[in-house]
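Below are the chains, spelled out letter by letter.
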Amino acid sequence: MAAQAADALANLKVKDPEAVMASAAAAKANGNGNAPEADDSEDEEDEKGAPAEGGADGAAKKKRKRKRKPKKAGGAVANPTKQSDPPRVLLSNLFPSGEYPIGQEVEYRDENLYRTTNEEKRALDRMNNDFLQEYRQGAEIHRQVRQWAQKNIKPGQSLTEIAEGIEDGVRALTGHPGLEEGDNIKGGIAFPTGLNLDHIAAHYSPNAGNKTLLSKDNVMKVDFGVHINGRIVDSAFTMAFDPMYDNLLEAVKQGTNTGIKEAGIDARMGEIGAAIQETMESYECEINGKTYPIKCIRNLNGHDIRQWQIHGGKSVPIVKSNDQTKMEEGEVFAIETFGSTGNGYVQDDYETSHYAKRADAPKVGLGIGSAKKLLNVINKNFGTLPFCRRYLDRLGQEKYLLGLNSLVSHGIVEAYPPLVDKKGSYTAQFEHTILLRPNVKEVISRGDDY
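About the cut-offs
- Residues numbered from 1 in each chain as written.
- Predicted model: local features only at pLDDT ≥ 70, side-chain atom pairs only at ≥ 80, totals over all residues.
- Heavy atoms only, no water.
- Salt bridge = Lys/Arg side-chain N within 4 Å of Asp/Glu carboxyl O.
- Helix = DSSP H or I, 4+ residues; strand = E, 2+ residues; numbered from the N terminus.
- Buried < 20%, exposed > 50% of the residue type's maximum accessible area, 1.4 Å probe, protein only.
- pLDDT = per-residue confidence, 0-100.
- Contact = heavy atoms within 4.5 Å.
- Polar contact = N/O pair within 3.5 Å; in protein donor to acceptor, adjacent residues only side chain to side chain.
- 1 Å grid on protein atoms, 1.4 Å probe; cavity = no way out; pocket = protein on both sides within 12 Å on 5 of 7 lines; lining within 4 Å.
- Points joined across faces, edges and corners; volume = space filled by probe spheres on them.
- Nonpolar A, V, L, I, M, F, W, Y, C, P; charged D, E, K, R; others polar.
- Pairing = 2+ DSSP bridges.
- Phe/Tyr/Trp six-rings, centres within 6.5 Å; stacked < 30°, edge-to-face > 60°.
- Axes fitted to C-alpha atoms, helices over the stretch in contact; angles between N-to-C directions.
- Parallel < 35°, antiparallel > 145°, perpendicular 65-115°, else oblique.
- Left-handed = near helix turned anticlockwise from the far one by under 90°.

## Some details on the pattern of salt bridges
Within this structure, the stated rule accounts for 22 salt bridges. A salt bridge links Arg437 to Glu105, with the shortest nitrogen-to-oxygen separation between them at 2.7 Å. Of this pair, Arg437 sits in the loop between strand E17 (427–436) and strand E18 (441–443) while Glu105 sits in strand E1 (residues 104–106), and the two are 332 residues apart along the sequence. Residue Arg437 is classed as buried on the basis of its relative accessible area of 7%. One salt bridge connects Arg136 with Glu442, and the closest N-O pair in it is separated by 3.0 Å. One end of the pair, Arg136, is in helix H7 (residues 129–152); the other, Glu442, is in strand E18, and 306 residues separate them in sequence. In this structure Arg136 comes out as buried when scored by relative accessible area, which is 5%. Because the salt bridges share partners, they merge into one network encompassing Glu105, Asp125, Arg136, Arg437 and Glu442.

The following block contains the structure:
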């Protein structure tokens with residue numbers, strides 16, 4: 001029946017009643033009293049009538065016609081061709097072919113230049129198509145959501161409103177609302193949205209009841225992640241509404257770009273850090289009449305990313321070091337840099353919002369019933385992906401803090417408190433995810449914005 005209806009619509013080539021009426025008028029003008037309609041075998045049988053029984057009387061019998069009602073427009077709805085505002089269109093509907101935009105591709109240098117044209121490496125790269133499409137889908141979702149956020153975040157909004165706006169967009173575009181068991185593990189939010197103001201550099205997301213409002217004087221780091229099947233795209237940017245902070249933001253942005261340039265197969269971590277530091281610390285920033293040197297935050301690093309694991313085990317320093325660890329083919333890295341007008345060193349402070357189950361979590365007996373129940377919720381909804389207290393609230397969990405603290409104390413769940421420099425200082429962050437493909441480096445999260 002569905003196929004017949006679609007064929008009927010194709011013959012009609014109309015979408016609404018007004019078009020039907022117009023078509024009928026045109027047909028009448030051409031000498032046909034009926035508008036073109038789809039085949040209707042039942043009506044045709046009525047029009048044919050029965051065989052003549054009474055000779056001339058039978059022949060004179062008029063064909064009985066049934067008055068037909070116009071068919072309602074229906075059938076398949078065409079896929080949308082652009083994203084909505086706010087972003088709510090499933091990304092796969094915008095890319096029905098399943099092929100997503102390629103990130104920035106950068107050729108390898110020096111002794112790895114041969115990889116660009118080496119047929120063996122190119123063939124190996126082609127074998128990774130599913131892996132690449134999952135990453136590219138997540139990256140395009142990140143771009144579309146963050147570009148909406150950049151246009152719509154304004155002073156006076158609450159941090160909760162900003163965080164939920166970003167998260168709602170990610171969930172809608174991935175098609176994973178995250179309310180059913182296991183859904184968020186398939187795709188969606190990769191980690192809590194970080195909204196870090198001024199001297200707070202990382203790991204701050206509003207908990208329930210947070211009343212903090214964004215001010216025009218704030219410098220806010222926006223750090224959020226998207227994942228498809230555990231392929232995490234980790235990217236961050238900084239917003240400021242006063243141009244006096246421009247040099248701070250530019251220093252960190254260029255520091256990140258330097259890190260991306262230096263990263264590659266066989267690149268040594270310590271050398272990458274030295275290049276980042278040289279770039280970033282060549283800047284200074286005048287704030288309220290006082291000039292500050294920009295310092296790399298030396299105890300914050302980039303990191304490798306594994307499937308469903310935001311921190312894989314390798315670190316990418318942002319200052320010079322003797323670390324001889326090499327990047328390797330097939331690895332994925334978050335190249336992120338942080339600059340500060342303060343000490344260039346962060347420590348834990350404020351209320352914790354970020355948590356994650358450890359990949360190497362020990363199997364220990366839990367004496368508190370609420371801890372056992374909460375661990376089951378974490379396993380089924382997040383696995384090893386980071387989460388925050390708002391996400392537990394959203395799943396309907398109540399009075400879970402005792403159980404959560406028990407999981408932390410037993411080393412099953414890791415707590416990530418906010419990381420802050422000294423009060424009165426300002427910090428900035430920029431971050432991209434890069435894939436070290438066999439034949440080319442792909443900056444998967446690169447966009448027109450940064």
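Structure's up, so let's keep going.
## Topic: the confidence of the model for the chain
For the chain, mean pLDDT is 88; residues scoring 70 or higher make up 83% of the total. Predicted confidence for residues 1–63 stays below pLDDT 50, and this span has 32 contacts to residues more than four positions away or in other chains.

## Notes on the side chain of Asn218
Inspection of the secondary structure puts Asn218 in the loop between strand E3 (200–202) and strand E4 (219–228). Only 2.9 Å separates the side chain of Asn218 from the side chain of Asp198, close enough to count as a polar contact. A polar contact of 2.8 Å, which involves the side chain of Asn218, links it to the backbone nitrogen of Ser215. Not counting chain neighbours up to four residues away, the residues in contact with Asn218 comprise Leu197, Asp198, Leu213, Met239, Ala240 and Phe241.

## A word on the layout of surface pockets
A volume near 530 Å³ is recorded for the largest pocket. Contributing to the lining of the largest pocket are 27 residues, with His203, His303, His311, Glu336 and Tyr416 lying nearest its centre. Where the lining of the largest pocket is concerned, the elements lending two or more residues are strand E2 (187–197), E3, strand E9 (302–304), strand E11 (332–340), strand E13 (354–357) and E17. Within the lining of the largest pocket, the residues separate by chemical class into eleven nonpolar, eleven polar and five charged.

## Quick notes on the pairing of E11
Summarising burial for E11: nine of the nine residues are buried, a large majority. Here E11 shows a buried face lined by Val332, Ala334, Glu336, Phe338 and Ser340 and a second buried face lined by Phe333, Ile335, Thr337 and Gly339. Where E9 meets E11, two bridges bridge the pair, whose relative direction is antiparallel. Paired with His303 across the strands is Ala334, a residue of E11. Bridge count for E11 against E17 is nine bridges, and the pairing is antiparallel. Considered in E17, the bridge of Thr337 is made with Phe430.

## Some points on the packing of aromatic side chains
Taken as a whole, this structure holds seven aromatic pairs when the rule is applied. The interplanar angle of 50 degrees and the centroid separation of 5.4 Å between the aromatic rings of Phe95 and Tyr100 together place this pair among those described as tilted. Plain terms: the ring middles of Phe131 and Tyr135 are 5.2 Å apart, the flat faces sit at 70 degrees to each other, and that makes the pair edge-to-face. With Phe131 and Tyr135 both in helix H7, this residue pair falls four residues apart, about one helical turn. With a relative accessible area of 2%, Tyr135 lands in the buried category. Through a chain of ring-to-ring contacts, three or more aromatic side chains come together here, namely Phe237, Phe430 and Tyr450.

## Let's talk about the packing of helix H10 (residues 246–262) against helix H11 (residues 269–280)
In the contact formed by H10 and H11, the axes pass within 8 Å of each other and the chain directions differ by 150 degrees. One way to sum up the angle between H10 and H11 is to call them roughly antiparallel. Crossing of H10 against H11: the hand is right-handed. In contact with Ala251, Val252, Gln254, Gly255, Thr258, Gly259 and Glu262 of H10, H11 contributes Ile272, Ala275, Ile276, Thr279 and Met280. For the contact of H10 with H11, the residue count by class is six nonpolar, five polar and one charged.

## As for empty space enclosed by the protein
Per the stated rule, a full pass over the model turns up one cavity of 30 Å³ or more. Arg171, Pro177, Gly178, Asn184, Ile189, Asn381, Phe382, Tyr391, Arg394 and Leu395 together form the lining of the largest cavity. For the lining of the largest cavity, the per-class residue count stands at five nonpolar, three polar and two charged.

## Concerning the sheet that holds strand E15 (residues 413–416)
On the basis of which strands lie adjacent, the open sheet formed by three strands has the order E14-E13-E15 and antiparallel pairing. Looking at which strands have only one partner, the edges of the open sheet turn out to be strand E14 (387–388) and E15. Together, E13, E14 and E15 form the strand contacts of helix H14 (residues 401–409), whose direction differs from that of E15 by roughly 105 degrees.

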